[in-house]
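# Understanding the architecture of this molecule
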Amino acid sequence: MQNPLYLNIENVGALQNRALIPAFDRDKIKTSIAHIGISNFHRAHQAYYMHELIENHDEFNFGICGIDLLDADRKIYNVLKDQDGLYCLMVKDANGSHQIKVIGSIVEYFFGPENPMAVIERLAHPDIEIISLTIAEDGYHLNEITGEFDQENPVVAEDMRNPFYPKTVFGYLMQAFKLRKFRGLAGCTILSCDNIKGNGDTMKASFFNYVNKMEPELLPWLKENTTFPNSMVDRITPLTRPEDIETLKNDFLIEDQWPVVCEPFANWVIEDNFFHGRPQWEKVGVQFVEHIEFYDKMKLQLLNAGHTLLGILGTLHGYKTVGEAANDEDFMYFLKTFMDAEVIPVLDKAEVHLVENYKSTLIARFKNPYIYDSLSRICDESSAKVPIFILPTVRTQLSKDKVIDRAAFVIAAWCTYYDGLDDQGKTYKISDSISNVLIRRATQSQQNPIRFLEIESVFGDLKSSPIFVEKYVRYLNYIRTRTIKECIKDFNSG
Ligand code: CS2
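Anyway, here's the lowdown on the structure attached to this text.

Take the overall build of the chain next. Across its full length, the chain holds 22 helices and 14 strands. The C-alpha radius of gyration computed for the chain amounts to 23 Å, which stays within 12% of the reference 23 Å derived for 494 residues, consistent with globular compactness. When the 494 residues of the chain are sorted by exposure, 48% land in the buried category. Long-range pairs, those at least 24 residues apart, make up 79% of the contacts in the chain with a sequence separation of at least 6.

See below:
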């Protein structure tokens, strides 16, 4: 009986009968990508694509330097340091097969709170041609409705007071680009990989807004020396569970402190607008396009909205994972009719085959019983997700006098989500940067339903649509007097 082996550079060769190990010499890799936010998603997506490109096409010029800026992310930094940047990607098929692959494309790691200057220097280094980001939907501080950057946000405001010890990505980037300009170096591409409509445009608007406030004289240089391609990213990547670590140790004899689980499906569409060269990711299935809009809409308004819908309704019922909710016929029927009646009509008619195909693969992806994707992950920071995933559908449908019933139902259910109790009588954890506001407004909505819709940073002026308000109020009263399952069944039976 063999013993489990700890995953690091010294042991990785000996793991070849236990997992797929990098079939390339990592010492040959030159680092040209600095990635901020080494989330599970980044490790299942961009780092995976880069690994495939190095391994199958000898592309040694674009290794990744992983950077975390938040105190809360110290653990992943320590793990990557301990494991020499190596980690296991556990790809789980719906039929139960697992593929374990050791990913080797992250070759450096930095942690902002420990050494901010080192991070700034690395970002300013001329070798870095792409700075990519997964900083989450709420990391951009851009008001969807007004399009304005929230300079009042406490962390942003602190960076503005203390620009030489930055905490936000904007503060770090500004210092790094000041150095590049001062040293006569070139700029680079800033590639957002977050689930935001026009994520590159959003990043550009937020960053330029910040710089304009702080160092307006840097702005003309930045405009000339950076590009911000929009991209659509897609791969369902749940949080790692202790069981995943145990499975690796007991069944595969690999000790990895923080492996990543993901589905087999992966997709990445990027606007081909890079400041320097770029990796030839098209060789490993990435699609380069001129305009992202269609892909963005399809993905955000079908997949992410579908997740949010299952997350809210499923949590109210007492389900814990996307798989549980998606394998409940009542919930799935509700989701399918939401997609058919309310989302698909807002997508480009010329691409109907692509859309239909995406929708059906999506249903199978949600149902994958081996991806334990927690509904709490989906519902975390909903106040930043709902305006991106669901409300654009509502606005377009309203502007065409088309149905919005299921979306209004979901928003009403979302309000009751902040009552904090499921239909099995159990509480659940609410995690949102504006949870106080959401909970207070949900409580007030018991007397006055509109109070919830009056959260402007989320809903904008939606409260001034009589059609939406009428339906939302009706569903809210209805949901508060029945179980969510009863409501969904009633709704489904028309
Ligand atoms: C999820 C996404 O965070 C969420 O709400 O919908 O993380 C989703 O799993 C990915 O976008 C899949 O590509």
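Glancing now at unusual backbone geometry. Although it is not a glycine, Ala-136 sits at a positive phi angle of roughly 75°. Take Ala-136: it is sitting in the loop between strand E7 (130-133) and helix H5 (154-161). Overall, the presence of 17 C-beta atoms within 10 Å leaves Ala-136 in the partly exposed class. Even without being glycine, Asp-401 reaches a positive phi, approximately 55°. In this structure, Asp-401 sits in the loop between helix H16 (391-399) and helix H17 (405-417).

Two elements in contact, helix H10 (residues 293-317) and helix H15 (residues 382-389), have axes whose closest approach is 9 Å; the angle formed by their N-to-C orientations is 140°. The pairing of H10 with H15 is recorded here as oblique in orientation. You can see that H10 and H15 cross each other, and the crossing is left-handed. Mapping the contact onto sequence places Leu-300, Gln-301, Asn-304, Ala-305 and Thr-308 in H10 and Ser-382, Lys-385, Val-386, Ile-388 and Phe-389 in H15. Residues of the contact of H10 with H15, tallied by class, amount to five nonpolar, four polar and one charged.

With respect to the secondary-structure elements, Pro-126 resides in the loop between helix H4 (116-124) and E7. Spatially, the C-alpha atoms of Pro-126 and Leu-185 are 6.5 Å apart, while their sequence positions differ by 59 residues. Every residue in contact with Pro-126, bar those within four places of it in the chain, is listed here: Leu-185 and Ala-186.

What follows deals with the nonpolar core. In terms of nonpolar packing, the biggest core is built from 146 residues, with Cys-88, Leu-123, Leu-313, Ala-412 and Ala-413 touching the most fellow members. Element by element, the count of residues in this core is highest for H10, at 11 residues. If sequence neighbours within four positions are ignored, Leu-313 has contacts with Ala-325, Phe-331, Ala-413, Ile-484 and Ile-488.

Spatially, E10-E13-E14 is the arrangement adopted by the three strands of the open sheet, whose pairing is mixed. This sheet does not close on itself; its edge strands, each paired only once, are strand E10 (231-234) and strand E14 (287-289). The sheet shows a mean angle of 15° between the axes of neighbouring strands, taken without regard to direction. By the bridge criterion, three bridges tie strand E13 (residues 267-271) to E14 in an arrangement that is parallel. From the neighbouring strand, Val-269 faces E14, where its bridge partner is Gln-287. This element, H10, spans E10 and E13 of the sheet and lies at about 35° to E10.

With parallel pairing, the six strands of this open sheet are ordered in space as E6-E3-E2-E7-E8-E9. Where the open sheet ends on each side, the last strands, each with one partner, are strand E6 (106-111) and strand E9 (226-227). As judged from the two bridges shared by strand E8 (residues 188-192) and E9, these two strands associate in the parallel manner. Looking at the pairing, Cys-188 lines up with Thr-226 of E9.

Another aspect to go through is the site of the ligand. Close contacts around the ligand come from Asn-195, Asp-234, Arg-235, Ile-236, Leu-303, Asn-304, His-307, Ile-378 and Lys-385, and that covers them all. Broken down by element, the residue count for the shell around the ligand peaks at three residues, all from H10. Here the residues of the shell around the ligand are counted per class, giving three nonpolar, three polar and three charged.

Pairing analysis gives four bridges linking strand E2 (residues 31-36) to E7, with the strands arranged parallel. By the bridge assignment, His-35 is partnered in E7 with Ser-132. Taken together, the four bridges between E7 and E8 define a ladder with parallel strand orientation. Across the sheet, the residue bridging to Leu-133 is Ser-192, located in E8.

Bringing H15 into the picture now. Residue pairs spaced three or four apart in an α-helix point in one direction, given the helix's 3.6 residues per turn. With seven of its eight residues buried, H15 lies for the most part within the structure. Listed in full, the buried residues belonging to H15 are Ser-382, Ala-384, Lys-385, Val-386, Pro-387, Ile-388 and Phe-389. Residues of H15 that are buried in the fold lie against H10, helix H14 (375-379), H16, H17 and helix H20 (456-459).

A separate point is the environment of Val-107. Here Val-107 lies in strand E6. Judged by local crowding, Val-107 falls into the partly exposed class, with 18 C-beta atoms found within 10 Å. Along the sequence, Val-107 and Asp-84 sit 23 residues apart, while their C-alpha atoms lie 7.3 Å from each other. Residues within four places of Val-107 in sequence aside, it is in contact with Arg-26, Ile-29, Thr-31, Gly-63, Ile-64 and Gly-85.

Scoring rules and cut-offs
Residues numbered from 1 in each chain as written. Predicted model: local features only at pLDDT ≥ 70, side-chain atom pairs only at ≥ 80, totals over all residues. Helix = DSSP H or I, 4+ residues; strand = E, 2+ residues; numbered from the N terminus. Rg over C-alpha atoms; globule rule 2.2 N^0.38 Å. Buried ≥ 20, exposed ≤ 12 C-beta atoms within 10 Å, placed from the backbone. Contact = placed C-beta atoms within 7 Å. Axes fitted to C-alpha atoms, helices over the stretch in contact; angles between N-to-C directions. Parallel < 35°, antiparallel > 145°, perpendicular 65-115°, else oblique. Left-handed = near helix turned anticlockwise from the far one by under 90°. Nonpolar A, V, L, I, M, F, W, Y, C, P; charged D, E, K, R; others polar. Core = buried A, V, L, I, M, F, W, Y, C linked by C-beta atoms within 7 Å. Pairing = 2+ DSSP bridges. Near = placed C-beta within 6 Å.

Structural measurements only, silent on function.
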